[in-house]
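Structural characterization, general
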Amino acid sequence: MKRNKYKRYGAKIKGVLAVVEALTLSFILTIPSFAAIDVGAITKPIDVIKTVLIAVVVGIGTIVLILGVVDLVTSWGDHNTGGLKTAAFKIAAGGLLVGISTLLALMGY
């Protein structure tokens, strides 16, 4: 059987290679930062998306709230107690959607 004459150097070579790889990656993955860039230019698209999402949530909440009121009036006229409960939950859900979205918009988020 042939003996591996480099076997005793295996641990040392692995250690050296690990250090060389770490140094190489640290030099390759170093990214320069330019602090002179206006932050508003970077965050403006995110702010636009945030505003659109808040408006969509307010719209959905308003629709759920209106449907809940319509279901409440319909169930009240039909004396449907199960429908009254469902309508009350719809009104609560719509109110929460509208209220939380409006609160977030007023707080500046």
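The structure under discussion appears in the preceding block.
This write-up is about the structure you can find in this document. Sequence order as written defines residue numbering, which begins from 1 separately in each chain. For this predicted model, a pLDDT threshold of at least 70 governs which residues receive local features, and a threshold of 80 or more governs which side-chain atom pairs are given and counted, while totals over whole chains, interfaces and linings are taken from all residues. To get the side-chain values, take all heavy atoms of the structure and skip hydrogens and water.

1. Concerning the overall build of the protein
- Secondary structure is summarised from DSSP: a helix means a run of H or I of at least four residues, a strand means a run of E of at least two, and numbering begins at the N terminus for each. Scanning the protein from terminus to terminus reveals three helices and zero strands.
- Pairs at least 24 apart in sequence give 64% of the contacts found in the protein among residues at least 6 apart.
- Per-residue and other accessible areas were derived by the Shrake-Rupley procedure at a 1.4 Å probe size, with only the shown protein chains allowed to occlude residues. In the structure as shown, the protein presents an accessible area of about 9300 Å², 74% of it carried by carbon and sulfur atoms. Contact between two residues is taken to exist if any of their heavy atoms lie within 4.5 Å; hydrogens are not considered.

2. What to know about the side chain of Ser101
- Note that Ser101 resides in helix α3 (residues 81–107).
- Think of a polar contact as two N or O atoms within 3.5 Å of one another; within protein, one of them needs to be a possible hydrogen donor and the other a possible acceptor, and neighboring residues in sequence only count if both atoms come from side chains. Engagement of the side chain of Ser101 in a polar contact is seen with the backbone oxygen of Leu97, the distance being 2.8 Å.
- The contact partners of Ser101, leaving out residues within four places of it in the chain, are Ile54, Val57 and Val58.

3. So, unusual backbone geometry
- If you check the backbone angles, His79 has positive phi at about 55 degrees while not being a glycine.
- In this structure, His79 sits in the loop between α2 (39–78) and α3.

4. Comments concerning the side chain of Ser75
- In this structure, Ser75 sits in helix α2.
- Residue contacts for Ser75: discarding those within four places in its chain leaves Asn80, Gly83 and Leu84.

5. Some words on the pattern of salt bridges
- One side-chain nitrogen of Lys or Arg within 4 Å of one carboxyl oxygen of Asp or Glu is enough to make a salt bridge. A full pass over the atoms with the stated rule returns two salt bridges.
- With a shortest N-O distance of 3.8 Å, Lys50 and Asp47 are connected by a salt bridge. One end of the pair is Lys50 and the other is Asp47, both in helix α2 and three residues apart, which spans about a single turn.
- Partly exposed residues are those whose accessible area sits between 20% and 50% of the maximum for their type, while under 20% is buried and over 50% is exposed, using a 1.4 Å probe and protein chains only. What makes Lys50 partly exposed here is its relative accessible area of 29%.
- Notably, a salt bridge pairs Lys90 with Asp71, separated by 2.5 Å at the nearest N-O pair.

6. Points about α3
- Helix span, as expected, comes to 1.5 Å for every residue beyond the first. The end-to-end C-alpha separation of α3 is 38 Å, in line with the 39 Å expected for 27 residues at 1.5 Å each.
- Within α3, the full set of buried residues consists of Gly83, Ala87, Gly94 and Ser101.
- Those residues of α3 that are buried lie in contact with α2.
- Where α3 starts, the residue carrying a side-chain oxygen 3.3 Å from the main-chain nitrogen of Gly82 turns out to be Asn80.
- Backbone geometry just after α3 places Gly108 at a positive phi near 95 degrees.

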